[in-house]
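The lines below spell out each chain.
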Amino acid sequence: MGKKTPEIYSVELSGTKDIKKTDKRDGKEKYRGLKNKCSNFRKNDQIEEIKEELDLDDHKLSSEELEKKYGTNIITGLSSARAAELLARDGPNALHPPKETPEIVKFLKQMVGGFSILLWVGAILCWIAYGIEYSNNPSSSLDNVYLGAVLALVVILTGIFAYYQEAKSTNIMASFSKMIPQQALVIRDAEKKTIPSEQLVVGDIVEIKGGDQIPADIRLLSSQGCKVDNSSLTGESEPQSRSCDFTHDNPLETKNIGFYSTTCLEGTATGMVINTGDRTIIGQIASLASGVGNEKTPIAIEIEHFVHIVAGVAVSIGIIFFIIAVSMKYPVLYSIIFLIGIIVANVPEGLLATVTVTLSLTAKRMAKKNCLVKNLEAVETLGSTSIICSDKTGTLTQNRMTVAHLWFDNQIFMADTSEDHSNQIFDQSSETWASLAKIITLCNRAEFKPGQESIPIMKKTVVGDASETALLKFSEVILGDVMEVRKRNRKVAEIPFNSTNKFQLSIHETDDPNDKRFLMVMKGAPERILEKCSTIMINGQEQPLDQSTARAFHTAYMELGGLGERVLGFCHLYLPADEFPETYSFDIDTMNFPTSSLCFVGLLSMIDPPRSTVPDAVTKCRSAGIKVIMVTGDHPITAKAIARSVGIISANSETVEDIAKRLNIAVEQVNEWDAKAAVVTGMELKDMSQEQLDELLANHSEIVFARTSPQQKLIIVEGCQRLGAVVAVTGDGVNDSPALKKADIGIAMGIAGSDAAKNAADMVLLDDNFASIVTGVEEGRLIFDNLKKTIAYTLTKNIAELCPFLIYIIVGLPLPIGTITILFIDLGTDIIPSIALAYEKAESDIMNRKPRHKKKDRLVNKPLALYSYLHVGLMQSLGAFVVYFTVYSQEGFRPSTLIGLRLEWEKHSVNDLEDSYGQEWTRYQRQYLEWTGYTAFFIAIMVQQIADLIIRKTRRNSIFQQGLFRNKVIWVGIASQIIIALILSYGLGSITALNFTMLRAQYWFVAVPYAILIWVYDEVRKFFIRLYPGGWWDKNMYY
Amino acid sequence: MTKKDKKSLNQSLAEWKLFLYNPTTGEFLGRTAKSWGLILLFYLVFYGFLAALFSFTMWAMLQTLNDEVPKYRDQIPTPGLMVFPKPVTALEYSFSLSDSSSYEGYIRDLDDFLRPYDLEEQKNLTACTDGVLFVQEGPAYRACQFPRHLLEECSGQNDANYGYSGGNPCVLVKMNRIIGLKPQGHPRIKCTPKDEQVALVRAYPSQGFIDLKYFPYYGKKLHVGYRQPVVAVQAVFNPNNTRKEATFDCIIDGSPNLKNKDDRDKFLGRVTFKITVNA
């Protein structure tokens, strides 16, 4: 993955590079030196360790020694047989995903996690109860064995389900990373072959060319202008040249080693594989990254909290009633059975499965919006995120240079930098522009790759470097067919750009047949270009370059440079026809043509512009209370400019430097607390103590970290986490992987990201777009709200399931609802509705509130539990009991008769039990009536759960504000409840083991008044909450 | 995130104390007195309302009922059979001849059960026509006499011990009362011992016939003084046989609309019991 196609250029740029009149190479060295200094000082210990542990000396060996060492031949390569042997010995050349937990362990974890333990206890108690019964009476019924088996089955099935869900989401990831198999060109048996790079072994001779990803750690044997991008390893994106010379003792620094997963940008090279798979440098870093502890996700903590509450309630009620039952002289055996009933009634068996489904539904939805979630729980983590540490390049920006400003006729014009460039509004009528356009068009070596006629200009692939590409596309959009223009103005000579000259020059014939002059066009570093000029073009007229125009030039140059943009100057000269006739042969080595006294035409500045969706996304983050911190390797000026343009530093906030400039005082004199924003460089960061960093993070709302190394990212993440924030981190390089791991949610880039980063991350952004994170945040928050609703919905009926047992024990009524029946509610009728709540739309703008507080805003809070259990749950129980009493009364057992009847009722030898009307019932007839009671109670709960489902759609708004029919899935859920109940009652009513009977149609409606009551009561609750926000009612009733 | 320090025992104890009673805020169990008052008042009102509502719906539901006849009788279409007195252990009579206390209980139960069948107790009842259903229109419903002497040897009039002391005990078999049940044909209780070598069965009234005049039953409230027809079954053990232990099957016979066989309900129209007489 992440194979870089040639159109993606590294666009890390340095805004000052052009301003400072330094040699480009010097600047680069300086930059690198600076970087190394800071990274040497602070570089993550792990990297340090690697450096020390590395006993790689292959870079010091000669080719002959290497051949000997690896038993290979540079010309003919390995033999296939030998390669197969080595492959068998070393394993495939691929990174092992970080330490997988064995499947069986994962599976067993599902079997004992959550409520499973409670249910196992229940099942075992069932079998113990049967054991006791059996020892007393060998012919005792097998009911308890069945119940135990059913409970065990429930645990195993939900466990398998959860396991399957997890495996599925892991598989999405696996398939994702296998989408593009890497190929390598290898010499084996003296033949060039293309093989999957997984099959490379040590000693293979491989050939790489520009655009390839280096398939393993290789020692270069020959190289033609080979340059590599080591950014995935070092975080530096400047291309580094590679040759076969040993230049440095440190294998990481020497030029003759190419690293696995880095990219070859240009040139070709041949190398010998010296390390494969996990033994590569990248592999070692990646495996170390997996050692960084993974924090528990917030939702996992919430669910654990919830499980604790429910399990606590279940166990304590169970034990209290066990004691009550024993002290009421119930036999211990019965008391155990009560205990099981209470546990089963209290445990929402289906809930954890529902949560999993809900999360995976959201994960799917997010995948559609380009957020691929690897770890299901991370779905919610994104929602509780309070700080996002974002990369700049590619995430906030478009990752391509684009013309942003122009300066000619003493005026700065703005160019359209949006993704499609469609709207160029600057004044194009000036003569100067015509000249400038000509220079832009002609003095450019970049070309569109052929065969892309149907592709929009901005998406076409270009051969050429980043700036030239930008200029080419810019001119193509404005002027039309650039190639045609170039054809008409045949190029006769050219000096390509080089870092000593800092200019590019070409000489053309003109397209005017009457004008026999040659046109010389030149572009380059503005100050260099200006030096060569003696005139300047204003409104199409050449004017002498005087002091004032030079000043104007400098002001414009500084202004554009201050925006963090790369500025280029353009000039031209019509060579006099008498001196340079048509036949004149230009020699670029002797420079037999003038390169001074040219005519300056204009400036043009380029930037990697922010993605157009980002400013909105940042604003959304801000209103959502999420702090966006930019962490980039770029120059502070560029970083700050981008931060300003996307709103990470908002328009009216200032940094210390800004204040100093405004007040015209020294930076040291500014009160640090006056500045809302801060731009901190890696250099400054490295000198900071932990406390200083914490202070910085806490006191500035808008922070940009520039010139940071990927290792410093980890430090920043840790700092944020010390503040109690939930931190999301984006990253793409291998060195980002510790930070990605450390973050509460690591977000890897799908396009630019390395495999190691993707492995370490919890989420992959398929389009590398920051705005996708914000959609993810929205989804995450929504799912948290909706999970609340789901849980409230599920918990409610627990009381209606629990009360029957309590009443049964204390009042001695025939059992109103059986354990199996309860399972049919929990795992039958309630499942689809509780999933349906996941489709509920947000009640209000969820992006307008602060991120939830990890400690305070719990998933299951006191009001939720109280309202579900003691309000709605109780109403449900009452409604269900009315139905129960109705069924018994209408069949002959009035409530007064029922009380205390339990003992006689359950005796198998009593077959003439008298009802309220003098009729006598056999045990089986009573049993059947009891099952009818179960069914009625079941239906009553189901009917009231429909009302419960509807009220749970909102927590604050009226249902009518939310729209009763907006969420269609809710209605699917309701339909499913009714259909399942119909099937159970009328379809399976004849299967005695299930304890369902065919229920009279009218009993289905007895609980309806209570269902309506629940709805009305909840509307009243919501009404008062809206009426008195923050009041007593709100505090006690809003969950 | 830095690792959270494990709370020390003292700390959590102090936290608990603070939760129990917080002197600074005056909070008791996390709420101030006023807050507790409010919440309790709320629950008082709320639950009072729910209680009233529940009572009302129950009352409304009870209004749908008929005092005389249950609304539905579909769950007991045909009657079950049951024996009397109730054995100490499930359907197994066991007593010893030498120990009168082992069967005293049965005799007392039978006496109690049969007292309403005394003639004096049935003076106000109707002497109905034999062999036909006694269908009544109301509003007053009369009950038919079931004189005790129909049970002959088991009536307790000839043998106050109902045969228990003689080792040939009597057991009453009765058919469950079901309102409105109209048996067809000539219903009778037919009892057979599992092994005729061990014991024989005598039934009173003869052949265990149940007269149709006792049907239909009109319910406890309307049919005051209703005497449930019973059939007495006397086990007669073979005196030559030392093992006096026998199992008896009784079924309702002779009536096409009274079921005596059901896979699930072992007492529907049938009853099986065991008598063990020890020396």
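For the structure, see preceding data.
Participant: Explain the overall build of chain B to me, please; I cannot follow it from the model alone.
Facilitator: Within chain B, the regular secondary structure consists of 3 helices and 11 strands. Compactness check: chain B gives a C-alpha radius of gyration of 31 Å against a globular reference of 19 Å for 279 residues, more than 25% above the reference. Considered along the principal axes of its C-alpha atoms, chain B spans approximately 90 × 55 × 40 Å. When the 279 residues of chain B are sorted by exposure, 42% land in the buried category. A separation threshold of at least 6 residues defines the contact pool for chain B, and within that pool the share at least 24 residues apart is 72%. Here chain B has roughly 15300 Å² of accessible surface; of this, 55% comes from carbon and sulfur atoms.

Participant: It is not clear to me how the sheet that holds strand S4 (residues 81-84) of chain B should be interpreted in this structure. Could you clarify?
Facilitator: The pairing of strands in a sheet happens through backbone hydrogen bonds and is either parallel or antiparallel. All names here are of chain B. Pairing in this open sheet of 4 strands is antiparallel, and the strands run S4-S6-S9-S8 from one edge to the other. Two strands bound the open sheet, and with one partner strand each, they are S4 and strand S8 (199-204). This sheet shows a mean twist of 30 degrees between the axes of neighbouring strands, independent of strand direction. The pairing of S4 with strand S6 (residues 170-175) spans 4 bridges and is antiparallel. The partner of Met 82 across the bridge, within S6, is Lys 174. Packed on one face of the sheet, helix H3 (residues 101-114) meets S4, S6 and strand S9 (230-237) and runs near 45 degrees to S6.

Participant: I'm lost on the packing of aromatic side chains in this one. Help?
Facilitator: All names here are of chain A. All chains considered together, the criterion is met by 61 aromatic pairs over all chains. Seen from their ring centres, Phe 408 and Trp 433 are 6.1 Å apart, and the 25 degrees between their planes marks the pair as stacked. Residue Phe 408 is located in strand S10 (residues 402-408), and its partner Trp 433 is located in helix H14 (residues 431-442); the two are separated by 25 residues in the primary sequence. Neither residue differs from the other here; Phe 408 and Trp 433 are each classed as buried. Plain terms: the ring middles of Tyr 888 and Trp 905 are 5.7 Å apart, the flat faces sit at 45 degrees to each other, and that makes the pair tilted. Within this pair, whereas Tyr 888 is found in helix H30 (residues 862-891), its partner Trp 905 is found in helix H32 (residues 902-906), the two being separated by 17 residues in sequence.

Participant: How do you make sense of helix H11 (residues 332-346) of chain A when you look at a structure like this?
Facilitator: Because each turn of an α-helix spans 3.6 residues, side chains separated by three or four positions in sequence point in the same direction. Residue and element names in this part refer to chain A. In this model H11 runs 21 Å from its N-terminal to its C-terminal C-alpha over 15 residues, within 8% of the 21 Å that 1.5 Å per residue would give. Counting buried positions along H11 yields 12 of 15 residues, so the element is predominantly enclosed. Every buried residue of H11 is accounted for by Leu 333, Ser 335, Ile 336, Phe 338, Leu 339, Ile 340, Gly 341, Ile 342, Ile 343, Val 344, Ala 345 and Asn 346.

Participant: Could you clarify how one ought to interpret a nonpolar patch on the surface in this entry?
Facilitator: A cluster of nonpolar side chains, Trp 16, Phe 19, Leu 20, Tyr 21, Phe 28 and Leu 29 of chain B, forms an exposed patch at the surface whose accessible area comes to about 630 Å². Ranked by residue count, the leading element in the nonpolar patch is helix H1 (residues 9-20) of chain B, at 3 residues.

Participant: Is there a simple way to explain the packing of H14 of chain A against helix H15 (residues 466-479) of chain A in this structure?
Facilitator: Packed helices, taken two at a time, are described by their axes: the angle between them and the distance between them. Residues and elements named next belong to chain A. The N-to-C vectors of H14 and H15 enclose an angle of 130 degrees; their axes lie 9 Å apart at closest approach. Relative to H15, the element H14 is oriented oblique. H14 and H15 meet at a crossing whose hand is left-handed. For the pair H14 and H15, contact is made by Trp 433, Ala 437, Ile 440 and Thr 441 and by Leu 471, Phe 474, Ser 475, Ile 478 and Leu 479, respectively. When its residues are assigned to classes, the contact of H14 with H15 shows 7 nonpolar, 2 polar and no charged.

Participant: Explain H30 of chain A here, please?
Facilitator: All names here are of chain A. With 30 residues, H30 extends 42 Å between its outermost C-alpha atoms, agreeing within 8% with the 44 Å of an ideal straight helix rising 1.5 Å per residue. Along its length, H30 shows its largest kink, about 40 degrees, at Gly 873. The buried count for H30 comes to 26 of 30 residues, which makes it a mostly enclosed element. Backbone nitrogen of Leu 864 and a side-chain oxygen of the N-cap are separated by 3.0 Å at the start of H30; the cap is Asn 861.

Participant: Would you mind going over the state of the cysteines with me for this structure?
Facilitator: Covalent bonding between the sulfur atoms of two cysteines defines a disulfide. Residue and element names in this part refer to chain B. Counted under the stated rule, the structure contains 3 disulfides over all chains. Two residues share a disulfide in this structure: Cys 154 and Cys 170, whose sulfurs sit 1.9 Å from each other. Handedness here is read from the sign of the S-S torsion; for Cys 154 and Cys 170, about -70 degrees, the answer is left-handed. Separated by 16 residues along the polypeptide, Cys 154 in the loop between H3 and S6 and Cys 170 in strand S6 bring together distant segments of the chain. On the basis of relative accessibility, which here comes to 1%, the residue Cys 154 falls in the buried class. Under the relative-accessibility criterion, Cys 170 is labelled buried at 1%. In this model Cys 191 forms its disulfide with Cys 250; the gap between the sulfur atoms is 2.0 Å. Around the S-S axis, the bridge from Cys 191 to Cys 250 shows a dihedral of about 110 degrees and counts as right-handed.

Participant: Explain the pattern of salt bridges here, please?
Facilitator: If charged atoms from side chains of opposite charge come close, those side chains can pair. Applying the stated criterion to the full structure yields 52 salt bridges over all chains. Asp 511 of chain A serves as the salt-bridge partner of Lys 438 of chain A, at 3.4 Å between the closest nitrogen and oxygen. Taken together, the positions of Lys 438 of chain A in helix H14 and Asp 511 of chain A in the loop between strand S15 (503-509) and strand S16 (518-524) put the pair 73 residues apart, joining distant regions of the chain. Overall, Lys 438 of chain A belongs to the partly exposed group, its relative accessible area being 23%. Salt bridges sharing common partners tie together Asp 912, Glu 914 and Glu 920 of chain A together with Lys 86, Lys 174, Arg 177 and Lys 220 of chain B.

Participant: Any chance you could explain the environment of Thr 417 of chain A here in plain terms?
Facilitator: Residues and elements named next belong to chain A. Mapped onto the fold, Thr 417 is located in the loop between strand S11 (411-414) and H14. With a relative accessible area of 24%, Thr 417 lands in the partly exposed category. C-alpha of Thr 417 to C-alpha of Thr 393: the two residues are 24 residues apart in sequence and 15 Å apart in space. Dropping the residues within four chain positions of it, Thr 417 is found in contact with Gln 398, Thr 402, Val 403, Ala 404 and Pro 609.

Participant: So what exactly am I meant to see when it comes to the packing of helix H12 (residues 351-368) of chain A against helix H27 (residues 770-810) of chain A here?
Facilitator: Residues and elements named next belong to chain A. Between H12 and H27, the shortest axis-to-axis distance is 10 Å and the interhelical angle comes to 160 degrees. Taken as axis vectors, H12 and H27 run roughly antiparallel relative to one another. The two elements H12 and H27 cross, and the hand of that crossing is right-handed. Contacts between H12 and H27 involve Leu 351, Thr 354, Val 355, Thr 358, Leu 359, Thr 362, Arg 365 and Met 366 on the former and, on the latter, Gly 776, Glu 779, Ile 783, Leu 787, Thr 790, Ile 791 and Thr 794.

Participant: Just to check I follow, could you spell out the interface of chain B and chain A for this structure?
Facilitator: Taken together, the contact pairs 50 residues of chain B with 53 residues of chain A. Together, the buried faces of chain B and chain A total about 4500 Å²; carbon and sulfur atoms form 57% of this surface. Our count for the chain B to chain A interface comes out at 8 salt bridges. Note that Lys 174 of chain B and Asp 912 of chain A form a salt bridge whose closest N and O atoms lie 2.7 Å from each other. Summed over the shared surface of chain B and chain A, the result is 23 residue pairs in polar contact (both at pLDDT 80 or more).

Participant: I would appreciate a short explanation of the side chain of Ser 506 of chain A in the present structure.
Facilitator: Residue and element names in this part refer to chain A. Its location among the elements puts Ser 506 in strand S15. Since its relative accessible area comes to 1%, Ser 506 is described here as buried. Separated by 2.8 Å, the side chains of Ser 506 and His 508 make a polar contact. The residues touching Ser 506, leaving out its near neighbours within four places in the chain, are Leu 442, Cys 443, Lys 491, Ala 493, Glu 494, Leu 519, Met 520 and Val 521.

Participant: When you look at the pairing of strand S10 (residues 245-253) of chain B in this model, what are you seeing that I'm missing?
Facilitator: If a strand is regular, its side chains alternate between the two faces of the sheet. Residue and element names in this part refer to chain B. For strand S7 (residues 188-193) and S10, the ladder comprises 6 bridges, and the chain directions are antiparallel. Opposite Cys 191, over in S10, you have Cys 250 as the bridge partner. Pairing between S10 and strand S11 (residues 270-278): 7 bridges, direction antiparallel. By the bridge assignment, Ala 246 is partnered in S11 with Ile 275.

Rules used in this analysis
Residues numbered from 1 in each chain as written. Chains lettered and ligands numbered in written order. Predicted model: local features only at pLDDT ≥ 70, side-chain atom pairs only at ≥ 80, totals over all residues. Heavy atoms only, no water. Helix = DSSP H or I, 4+ residues; strand = E, 2+ residues; numbered from the N terminus. Rg over C-alpha atoms; globule rule 2.2 N^0.38 Å. Buried < 20%, exposed > 50% of the residue type's maximum accessible area, 1.4 Å probe, protein only. Contact = heavy atoms within 4.5 Å. Areas by Shrake-Rupley, 256 points an atom, 1.4 Å probe, with all protein chains shown as cover. Pairing = 2+ DSSP bridges. Axes fitted to C-alpha atoms, helices over the stretch in contact; angles between N-to-C directions. Phe/Tyr/Trp six-rings, centres within 6.5 Å; stacked < 30°, edge-to-face > 60°. Expected span 1.5 Å × (residues − 1). Patch = residues over 30% accessible without salt bridge, like charges linked within 9 Å, V, L, I, M, F, W, Y side chains within 5 Å. Salt bridge = Lys/Arg side-chain N within 4 Å of Asp/Glu carboxyl O. Parallel < 35°, antiparallel > 145°, perpendicular 65-115°, else oblique. Left-handed = near helix turned anticlockwise from the far one by under 90°. Nonpolar A, V, L, I, M, F, W, Y, C, P; charged D, E, K, R; others polar. Bend = angle between axes of the 7 residues up to and from the residue. Polar contact = N/O pair within 3.5 Å; in protein donor to acceptor, adjacent residues only side chain to side chain. Disulfide = S-S within 2.5 Å. Buried area = accessible area lost by both parts, 1.4 Å probe.

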